[in-house]
Amino acid sequence: MYWAFFLPSISIPSETASVISFVTLRELSRILLYDLPATALILFLLIKENREKIIERFAVSRNITLWAIINLTLIIASAFVISLLARFILPSWKPPIIQAPKLPSAWIVMTAGSFATAYLEESYFRLYLLYRFDEAGFTSRTGNLLSVLLFSLCHIYEGPLGFLNAAIAGLFFTLVYRKTGSIHSPAWAHGLYNTLVFSLAIL
């Protein structure tokens, strides 16, 4: 599943900054033709195997909003620290430039896409992989590290600092998922972070 869904997106970054443009129709197509079907397939396979346990992971409780806020705060703080360190570690590296949407309708699609991607990635890297690793008898630490590593590889196109940022964020997503037992806390934090990244592009 990783080979089919995520491996094709892994690419080595170029030395010069690239522009990640936002095209509303392309983003909408990705949501409808990739994010939603892929998420549905992951959930179908898991529910078919253990319906009760998977449904529990989508239960909404009082503490998931708090943990989503904590999770979001941690990944924003780590991204800020990494960006400061980048000036000293890799002063010549220029991260990809993200283009912000321009129209209100594009912002709606972007926000929907941010959360669709978040739920896809959290459903796979946290819900699916950790379930598989646990069932295979891996220790929690081993399963967590493998999940974080595979998640980070999908962000290697952002360069070494992007890889590091994804690794730290992935670790926080994993720990919060393990703590809450809910997919919503990491997915909400992930979706809000994605939206924030686009929002900062207008500054």
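Structure first, text after, so check above.
Residues numbered from 1 in each chain as written. Predicted model: local features only at pLDDT ≥ 70, side-chain atom pairs only at ≥ 80, totals over all residues. Heavy atoms only, no water.

1. Side note on the overall build of the chain
Rules: Counting from the N terminus, the helices are DSSP H or I runs at least four residues long and the strands are E runs at least two residues long. Radius of gyration: over C-alpha atoms. The globule rule applied is 2.2 Å multiplied by the number of residues raised to the 0.38 power. Note on exposure labels: buried denotes an accessible area under 20% of the residue type's maximum, exposed denotes more than 50%, and partly exposed covers the range between, all computed with a 1.4 Å probe on protein chains only.
Counting secondary structure elements, the chain contains 7 helices and 2 strands. Reading the chain from its N terminus to its C terminus gives the helix and strand order α-β-α-α-β-α-α-α-α. For the chain, the C-alpha radius of gyration of 17 Å lies close to 17 Å, the compact-globule estimate for 203 residues. Split into buried and exposed, the 203 residues of the chain put 41% on the buried side.

2. With respect to helix α4 (residues 104-135)
Each α-helix turn comprises 3.6 residues. Residues three or four places apart therefore point the same way. The condition that has to hold: The span you would expect from a helix comes to 1.5 Å times its residue count less one. A residue's bend is the angle separating two fitted axes: one through the seven residues that end there, the other through the seven that start there.
For α4, which comprises 32 residues, the first-to-last C-alpha distance of 45 Å matches the rise-based estimate of 46 Å (1.5 Å per residue) to within 8%. Considering bend angle alone, the principal kink of α4 is centred on S123 and spans about 35°. Once α4 ends, the next one or two residues include G137, with phi positive near 90°.

3. What to know about the packing of aromatic side chains
The line we're drawing: Stacked, edge-to-face and tilted are the three classes for Phe, Tyr and Trp ring pairs, Trp counted by its six-membered ring, which pair at centre distances within 6.5 Å; planes under 30 degrees apart are stacked, over 60 edge-to-face, the rest tilted.
Applying the stated criterion to the full structure yields 13 aromatic pairs. Considering the side-chain rings of F125 and F151, the 5.4 Å spacing of their centres and the 75° angle between planes classify their relative orientation as edge-to-face. A residue pair is termed long-range when its members are at least 10 positions apart, and F125 in helix α4 and F151 in helix α5 (residues 140-153) qualify at 26 residues. Residues F125 and F151 agree in their burial class; the two are buried. Seen in terms of ring centroids, F151 and F173 are 6.1 Å apart; in terms of plane orientation they differ by 85°. Their pairing is edge-to-face. With F151 in helix α5 and F173 in helix α6 (residues 159-180), this residue pair connects regions lying 22 residues apart in the sequence.

4. Topic: the side chain of D35
Applicable threshold: Within 3.5 Å is the distance limit for a polar contact, defined as a pair of N or O atoms, with the added protein rule that one can donate a hydrogen and the other accept it, and that residues adjacent in sequence qualify only through two side-chain atoms. When checking whether two residues touch, look at their non-hydrogen atoms; a contact exists if any pair is within 4.5 Å.
By secondary structure assignment, the location of D35 is in helix α2 (residues 24-56). For D35, a relative accessible area of 1% translates into the label buried. Among the polar contacts made by the side chain of D35, one reaches the side chain of R30 at a distance of 2.6 Å. In contact with D35, other than residues within four places in its own chain, are R30, G113, A116, T117 and L120.

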